[in-house]
Amino acid sequence: MRCSICTSQNTEIICRTSDIEYNTTKDIYEYYKCLDCGVIFLSNIPEDILNIIYPDNYYSNIHQNNLVYVIKKKLDILFFKKIIKNIPGENLSVLDIGGGNSNILDSVRDSDKRVKSTLIIDINDSQEKIAINKGHDFKKMRVEEFYSDKKFDLIIMFNLIEHVKNPLEILR
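Model, not experiment: these values are computed from the prediction.

(A) Local environment of the sheet that holds strand E5 (residues 115-122). The parallel open sheet is built from 4 strands, whose spatial order is E6-E5-E4-E7. Both edges of this open sheet fall to strand E6 (137-140) and strand E7 (154-156), since each of them pairs with a single strand only. Neighbour to neighbour, the strand axes of the sheet diverge by 15 degrees on average, direction disregarded. Across 3 bridges, strand E4 (residues 92-97) lies against E7 in parallel orientation. If you follow Leu-95 over to E7, its bridge partner there is Ile-155. Sitting on the sheet, helix H2 (residues 67-84) touches E4, E5 and E7, and the angle it makes with E7 is about 140 degrees. Sheet strands touched by helix H4 (residues 125-133): E5 and E6. Its angle to E6, the strand with the most contacts, is close to 165 degrees.

As structure tokens, this is what we get:
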């Protein structure tokens, strides 16, 4: 198996698994480790079924007001305060690729008053209205389709890179 980052064939399989969290597919996924660069990658990237494996009840698509959610939000705010304090400027713009209903962008905006512009790129139809109602811009598309001349001060890509065929192209 060829490494998705350095293209070495010096790789080893480290596990086979299926979707045991939401049981959305019976597909088996193989994780490999590149012995040259150390990256762990999927051999069969589920890029065409993202709307299936990330259903509407996926944890990041649900806004909750329980104690765990409140604590997580406070920890997220502290995390982003540490990052954003080092970014210069008075009007910061943040892009969240795969941002769902904007829980993370809410924390980013709450962490620093300088965050003025926020944009989510996501494939989930049901999250668009929620994000827009919370004051974020939203584009329904895959990251591979996104292009913008706009510069962003911070780009967030949590739980994303394992779903694209060419990770280096996305990072460029």
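(B) Looking closely at the sheet that holds strand E3 (residues 40-42). Taken in spatial order, the 3 strands of this open sheet run E1-E2-E3, and their pairing is antiparallel. Edge positions in the sheet fall to strand E1 (11-17) and E3, since each of these pairs with one other strand and no more. Between one strand axis and the next, the sheet turns through 30 degrees on average, direction left out of account. Across 6 bridges, E1 lies against strand E2 (residues 29-34) in antiparallel orientation. Counterpart to Thr-11 in the pairing with E2 is Cys-34.

Analysis parameters
Residues numbered from 1 in each chain as written. Predicted model: local features only at pLDDT ≥ 70, side-chain atom pairs only at ≥ 80, totals over all residues. Heavy atoms only, no water. Pairing = 2+ DSSP bridges. Helix = DSSP H or I, 4+ residues; strand = E, 2+ residues; numbered from the N terminus. Axes fitted to C-alpha atoms, helices over the stretch in contact; angles between N-to-C directions. Contact = heavy atoms within 4.5 Å.

These results come straight from atomic positions and should not be treated as a statement about function.
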